[in-house]
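So the chains spell out like this:
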Amino acid sequence: MCDIHPHAWKKLYFAHHWPVTVCKMNANDCHDPPKYWTIHGLWPDRAEDCNRTWHFNVTEIKDLLSDMRHYWPDVLHSSLNRTQFWKHEWDKHGTCAATLKVLNSQKKYFGKAIELYQHVDLNGCLLKAGIKPSSSYYKMTAIKEALTRFYGVTPKIQCLPPEEGEKAQTIGQIEFCFTKELQLVNCTTREGGSNAVHAHLKLGTSELSVCNDTLPTYYPSEVQIHK
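Just so we're clear, the structure is a prediction, and the values are computed from it rather than from any experiment. (Residues numbered from 1 in each chain as written. Predicted model: local features only at pLDDT ≥ 70, side-chain atom pairs only at ≥ 80, totals over all residues. Heavy atoms only, no water.)

1. Here's the deal with helix H6 (residues 140–151)
Each full turn of the α-helix corresponds to 3.6 residues, which orients residues three or four apart in the same direction. Condition: Under the DSSP-based scheme used, a helix requires at least four consecutive residues in state H or I and a strand at least two consecutive residues in state E, with every element numbered from the N terminus. Each residue after the first adds 1.5 Å to the expected span of a helix. Relative accessible area decides the class of each residue, using a 1.4 Å probe on protein chains only: under 20% of the type maximum gives buried, over 50% gives exposed, and in between gives partly exposed. Here the arc refers to the directions that run from the helix axis out to each C-beta atom.
Taking 1.5 Å per residue, 12 residues should reach 16 Å; H6 reaches 17 Å between its end C-alpha atoms and fits that length. All of the buried residues along H6 are Met 140, Ile 143, Ala 146, Leu 147 and Tyr 151. End-on, the buried residues of H6 take up no more than an arc of 130°, which puts them together on one face. Of the exposed residues in H6, those oriented more than 90 degrees away from the buried face are Glu 145 and Arg 149. Note on H6: the residue one or two positions beyond its end, Gly 152, has a positive phi of about 75°.

Here you go:
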(Lines give C-alpha, C1' and ligand atoms only; values in the text may rest on other atoms or scores of the structure.)
Protein backbone atom coordinates (compact mmCIF):
# COMPACT_ATOMS: atom_id res chain seq x y z
CA MET A 1 0.00 0.00 0.00
CA CYS A 2 1.63 3.24 -1.09
CA ASP A 3 1.49 6.44 0.89
CA ILE A 4 -0.95 8.87 -0.71
CA HIS A 5 1.44 11.74 0.00
CA PRO A 6 4.71 11.18 -1.88
CA HIS A 7 6.78 12.69 0.94
CA ALA A 8 5.07 11.03 3.91
CA TRP A 9 7.49 9.78 6.53
CA LYS A 10 7.12 8.26 9.98
CA LYS A 11 10.36 8.67 11.91
CA LEU A 12 13.70 10.43 11.92
CA TYR A 13 17.10 8.79 11.89
CA PHE A 14 19.62 10.92 13.77
CA ALA A 15 23.05 9.76 12.64
CA HIS A 16 26.34 10.31 14.44
CA HIS A 17 29.53 9.23 12.74
CA TRP A 18 33.00 8.54 14.09
CA PRO A 19 35.32 10.90 12.18
CA VAL A 20 38.37 8.62 12.40
CA THR A 21 36.44 5.86 10.59
CA VAL A 22 35.06 8.33 8.04
CA CYS A 23 38.65 9.31 7.28
CA LYS A 24 39.69 5.67 7.03
CA MET A 25 37.02 5.26 4.37
CA ASN A 26 38.12 8.21 2.32
CA ALA A 27 41.37 9.90 3.34
CA ASN A 28 41.34 12.49 0.55
CA ASP A 29 41.28 15.61 2.70
CA CYS A 30 41.12 14.39 6.28
CA HIS A 31 43.40 16.42 8.48
CA ASP A 32 43.32 15.62 12.18
CA PRO A 33 39.66 14.50 12.42
CA PRO A 34 37.75 15.28 15.65
CA LYS A 35 38.13 12.65 18.36
CA TYR A 36 34.46 12.80 19.28
CA TRP A 37 31.29 11.62 17.55
CA THR A 38 29.87 14.27 15.23
CA ILE A 39 26.55 14.69 13.45
CA HIS A 40 26.13 13.09 10.04
CA GLY A 41 22.50 14.00 9.55
CA LEU A 42 18.86 14.08 10.62
CA TRP A 43 16.96 11.99 8.10
CA PRO A 44 13.25 11.29 7.61
CA ASP A 45 12.89 7.59 6.91
CA ARG A 46 10.87 7.65 3.69
CA ALA A 47 11.60 10.80 1.82
CA GLU A 48 14.41 12.59 0.02
CA ASP A 49 14.79 15.81 -1.98
CA CYS A 50 11.29 17.05 -1.16
CA ASN A 51 11.62 20.62 -2.39
CA ARG A 52 14.26 21.39 -4.99
CA THR A 53 13.31 25.08 -5.01
CA TRP A 54 14.03 25.60 -1.30
CA HIS A 55 17.74 26.35 -1.51
CA PHE A 56 20.21 26.21 1.33
CA ASN A 57 21.21 29.67 2.57
CA VAL A 58 24.03 29.80 5.10
CA THR A 59 22.96 33.25 6.33
CA GLU A 60 19.82 31.62 7.81
CA ILE A 61 22.01 29.64 10.21
CA LYS A 62 24.63 32.31 10.90
CA ASP A 63 23.81 32.24 14.63
CA LEU A 64 24.53 28.49 14.68
CA LEU A 65 27.82 28.47 12.78
CA SER A 66 30.20 28.01 15.71
CA ASP A 67 28.10 25.08 17.00
CA MET A 68 27.73 23.68 13.49
CA ARG A 69 31.49 23.70 12.92
CA HIS A 70 32.01 21.89 16.21
CA TYR A 71 29.13 19.37 16.27
CA TRP A 72 28.42 18.97 12.54
CA PRO A 73 31.74 19.51 10.75
CA ASP A 74 32.47 18.39 7.21
CA VAL A 75 34.93 15.71 8.29
CA LEU A 76 36.22 15.08 4.77
CA HIS A 77 36.94 18.73 3.98
CA SER A 78 38.57 20.69 6.74
CA SER A 79 37.99 24.23 5.44
CA LEU A 80 35.91 26.18 7.96
CA ASN A 81 34.16 28.13 5.22
CA ARG A 82 32.94 25.07 3.38
CA THR A 83 29.17 24.61 3.57
CA GLN A 84 28.65 21.94 0.90
CA PHE A 85 28.01 19.16 3.43
CA TRP A 86 25.26 21.16 5.17
CA LYS A 87 23.76 22.13 1.81
CA HIS A 88 23.61 18.45 0.83
CA GLU A 89 21.94 17.49 4.12
CA TRP A 90 19.38 20.29 3.82
CA ASP A 91 18.56 19.61 0.16
CA LYS A 92 18.21 15.86 0.58
CA HIS A 93 16.77 15.54 4.10
CA GLY A 94 15.96 18.92 5.64
CA THR A 95 13.44 19.82 2.93
CA CYS A 96 11.52 16.66 3.89
CA ALA A 97 11.86 17.06 7.66
CA ALA A 98 10.39 20.56 7.24
CA THR A 99 6.87 19.14 7.12
CA LEU A 100 7.18 19.20 10.92
CA LYS A 101 6.52 22.61 12.47
CA VAL A 102 9.56 22.30 14.78
CA LEU A 103 11.82 21.70 11.76
CA ASN A 104 10.17 23.97 9.17
CA SER A 105 13.07 26.33 8.53
CA GLN A 106 16.79 25.91 8.03
CA LYS A 107 17.52 27.49 11.40
CA LYS A 108 15.01 25.19 13.12
CA TYR A 109 16.24 22.05 11.33
CA PHE A 110 19.93 22.53 12.06
CA GLY A 111 19.28 24.04 15.49
CA LYS A 112 17.07 21.13 16.57
CA ALA A 113 19.69 18.63 15.37
CA ILE A 114 22.29 20.32 17.58
CA GLU A 115 19.82 20.28 20.48
CA LEU A 116 19.21 16.54 19.96
CA TYR A 117 22.96 15.93 19.78
CA GLN A 118 23.48 17.61 23.14
CA HIS A 119 20.48 15.78 24.62
CA VAL A 120 21.61 12.35 23.39
CA ASP A 121 25.23 13.00 24.48
CA LEU A 122 26.55 9.88 22.78
CA ASN A 123 30.16 10.74 23.65
CA GLY A 124 29.32 10.97 27.35
CA CYS A 125 27.26 7.78 27.31
CA LEU A 126 30.04 5.71 25.74
CA LEU A 127 32.61 7.07 28.18
CA LYS A 128 30.35 6.28 31.15
CA ALA A 129 30.06 2.72 29.83
CA GLY A 130 33.86 2.48 29.62
CA ILE A 131 33.76 2.30 25.83
CA LYS A 132 36.48 4.51 24.40
CA PRO A 133 38.78 4.44 21.37
CA SER A 134 41.30 1.68 21.84
CA SER A 135 43.79 -0.53 20.05
CA SER A 136 42.01 -3.59 21.49
CA TYR A 137 38.69 -4.90 20.25
CA TYR A 138 35.19 -4.68 21.66
CA LYS A 139 32.31 -7.10 21.34
CA MET A 140 29.52 -5.53 19.29
CA THR A 141 26.95 -7.04 21.68
CA ALA A 142 28.62 -5.20 24.60
CA ILE A 143 28.39 -1.86 22.75
CA LYS A 144 24.74 -2.49 21.84
CA GLU A 145 23.82 -3.53 25.36
CA ALA A 146 25.47 -0.44 26.88
CA LEU A 147 23.59 1.88 24.52
CA THR A 148 20.25 0.11 25.00
CA ARG A 149 20.67 0.18 28.77
CA PHE A 150 21.46 3.89 28.73
CA TYR A 151 18.80 5.07 26.26
CA GLY A 152 16.09 2.46 26.71
CA VAL A 153 15.91 1.96 22.92
CA THR A 154 17.96 0.07 20.36
CA PRO A 155 19.96 2.28 18.02
CA LYS A 156 21.25 1.20 14.60
CA ILE A 157 25.02 0.70 14.53
CA GLN A 158 26.97 0.62 11.29
CA CYS A 159 30.50 -0.63 10.68
CA LEU A 160 33.14 -0.83 8.03
CA PRO A 161 33.56 -4.55 7.26
CA PRO A 162 37.02 -6.07 7.78
CA GLU A 163 39.50 -5.31 5.03
CA GLU A 164 41.52 -8.12 3.53
CA GLY A 165 43.73 -9.57 6.22
CA GLU A 166 41.76 -7.96 9.05
CA LYS A 167 39.58 -9.90 11.47
CA ALA A 168 37.69 -6.96 12.97
CA GLN A 169 34.99 -4.61 11.71
CA THR A 170 35.39 -0.90 12.46
CA ILE A 171 32.57 1.05 14.10
CA GLY A 172 31.58 4.02 11.97
CA GLN A 173 28.06 5.25 12.60
CA ILE A 174 25.40 5.16 15.32
CA GLU A 175 21.84 6.18 14.45
CA PHE A 176 19.08 6.98 16.93
CA CYS A 177 15.46 6.99 15.86
CA PHE A 178 12.92 9.61 16.87
CA THR A 179 9.17 9.85 16.38
CA LYS A 180 7.63 12.97 14.87
CA GLU A 181 7.14 14.11 18.49
CA LEU A 182 10.94 13.79 18.86
CA GLN A 183 10.70 10.88 21.30
CA LEU A 184 13.35 8.15 21.11
CA VAL A 185 12.13 4.85 19.62
CA ASN A 186 13.79 1.61 18.56
CA CYS A 187 15.47 1.64 15.16
CA THR A 188 13.98 -1.44 13.58
CA THR A 189 15.14 -1.75 10.00
CA ARG A 190 13.11 -3.59 7.45
CA GLU A 191 15.46 -5.22 4.99
CA GLY A 192 14.74 -4.19 1.46
CA GLY A 193 12.00 -1.80 2.51
CA SER A 194 12.00 1.92 1.92
CA ASN A 195 14.48 2.18 4.79
CA ALA A 196 17.11 0.59 2.59
CA VAL A 197 18.18 4.09 1.57
CA HIS A 198 19.97 4.34 4.94
CA ALA A 199 21.30 0.78 5.02
CA HIS A 200 24.56 1.75 3.36
CA LEU A 201 26.68 4.85 3.38
CA LYS A 202 29.10 5.04 0.49
CA LEU A 203 32.19 7.21 0.80
CA GLY A 204 34.97 6.53 -1.65
CA THR A 205 35.18 2.81 -2.29
CA SER A 206 34.45 1.67 1.28
CA GLU A 207 30.96 1.14 2.55
CA LEU A 208 29.31 1.11 5.95
CA SER A 209 26.70 -1.52 6.67
CA VAL A 210 24.89 -2.81 9.75
CA CYS A 211 27.48 -4.25 12.15
CA ASN A 212 27.92 -7.98 12.55
CA ASP A 213 27.18 -9.06 16.14
CA THR A 214 29.77 -11.84 16.05
CA LEU A 215 32.81 -9.99 14.70
CA PRO A 216 35.31 -8.26 16.99
CA THR A 217 34.85 -4.50 16.71
CA TYR A 218 37.56 -1.87 16.41
CA TYR A 219 36.92 1.65 17.75
CA PRO A 220 39.98 3.44 16.37
CA SER A 221 41.67 6.38 18.04
CA GLU A 222 43.53 7.53 14.95
CA VAL A 223 43.46 7.09 11.22
CA GLN A 224 45.56 4.16 10.08
CA ILE A 225 46.97 4.95 6.67
CA HIS A 226 47.49 1.73 4.72
CA LYS A 227 50.56 1.80 2.52
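2. Focus: the environment of Leu 208
Structurally, the position occupied by Leu 208 is in strand E8 (residues 206–210). Leu 208 sits in the buried class, given a relative accessible area of 1%. Taking the C-alpha atoms as reference points, Leu 208 and Leu 160, separated by 48 residues in sequence, lie 4.8 Å from one another.

3. Here we look at empty space enclosed by the protein
Under the convention used in this document: Method remark: on a 1 Å grid restricted to protein atoms, a set of points is classed as a cavity if a 1.4 Å probe fits but cannot get out and as a pocket if it is open with protein on both sides within 12 Å along at least five of seven lines; lining residues have an atom within 4 Å of a point. Grid points are joined across faces, edges and corners, and a volume is the space filled by probe spheres set on the points. Each residue is assigned to one class: nonpolar for Ala, Val, Leu, Ile, Met, Phe, Trp, Tyr, Cys and Pro, charged for Asp, Glu, Lys and Arg, and polar for all the others, Gly among them.
Throughout the structure, instances matching the rule amount to 1 cavity of 30 Å³ or more. Roughly 30 Å³ of internal volume is contained in the largest cavity. Trp 37, Leu 126, Ile 131, Ile 143, Ile 171, Ile 174 and Tyr 219 together form the lining of the largest cavity. Here the lining of the largest cavity is built from residues that sort into 7 nonpolar, no polar and no charged.

4. Describing the state of the cysteines
The line we're drawing: Disulfides are defined as cysteine sulfur pairs within 2.5 Å.
Using the criterion set out here, one finds 3 disulfides in the structure. Shown here is the disulfide that connects Cys 159 with Cys 211, its sulfur atoms set 2.1 Å apart. On the S-S bond that ties Cys 159 to Cys 211, the torsion sits near 90°, and the link is right-handed. Of the two residues, Cys 159 sits in strand E4 (residues 156–160) while Cys 211 sits in the loop between E8 and strand E9 (216–218), which places them 52 residues apart along the sequence. Across the pair, exposure class does not vary: Cys 159 and Cys 211 are buried alike. Note on cysteine connectivity: Cys 177 is disulfide-linked to Cys 187, with sulfurs 2.1 Å apart. Note on the Cys 177 and Cys 187 pair: the S-S dihedral is about 115°, so by sign convention the disulfide is right-handed. Placement of Cys 177 in strand E5 (residues 169–178) and of Cys 187 in the loop between strand E6 (184–185) and strand E7 (201–203) is noted, with a sequence separation of 10 residues between them.

5. Let's talk about the packing of helix H3 (residues 84–97) against helix H4 (residues 106–120)
Note the threshold: Axis lines are fitted to C-alpha atoms, over the contacting stretch for helices. Their N-to-C directions set the angle, which ranges from 0 to 180 degrees. Working definition: roughly parallel below 35 degrees, roughly antiparallel above 145 degrees, roughly perpendicular at 65 to 115 degrees, and oblique for all remaining angles. Whether two residues touch is decided by their heavy atoms; if any such pair falls within 4.5 Å, the residues are in contact.
Remark: H3 packs on H4, axes separated minimally by 10 Å, with the N-to-C direction vectors making an angle of 100°. One way to sum up the angle between H3 and H4 is to call them roughly perpendicular. Along the contact surface, H3 presents Trp 86, Glu 89, Trp 90, His 93, Gly 94 and Ala 97, while H4 presents Gln 106, Tyr 109 and Phe 110. Each residue belonging to the contact of H3 with H4 can be placed in one class, and the counts come to 5 nonpolar, 3 polar and 1 charged.

6. Observations concerning the pattern of salt bridges
Selection criterion: A pair is scored as a salt bridge if a Lys or Arg side-chain nitrogen falls within 4 Å of a carboxyl oxygen belonging to Asp or Glu.
All chains considered together, the criterion is met by 10 salt bridges. For Lys 92, the salt bridge goes to Glu 48, with nearest N and O atoms at 3.9 Å. In this pair, Lys 92 sits in helix H3 while Glu 48 sits in the loop between strand E2 (38–44) and helix H2 (65–71), placing the two residues 44 residues apart along the sequence. A residue is classified by how much of its surface remains accessible, and Lys 92, at 23% relative accessible area, is partly exposed. Classification of Glu 48 by relative accessible area gives partly exposed; the value is 28%.

7. Comments concerning the pairing of E4
Condition: We treat two strands as partners when DSSP finds at least two bridges between them.
Where burial is concerned, most of E4 is hidden: 5 out of the 5 residues are buried. Of the two faces of E4, the one lined by Lys 156, Gln 158 and Leu 160 and the one lined by Ile 157 and Cys 159 are each fully buried. Relative to E5, E4 runs antiparallel, the two sharing 5 bridges. Each bridged residue has a counterpart across the sheet, and for Lys 156 the counterpart in E5 is Glu 175.

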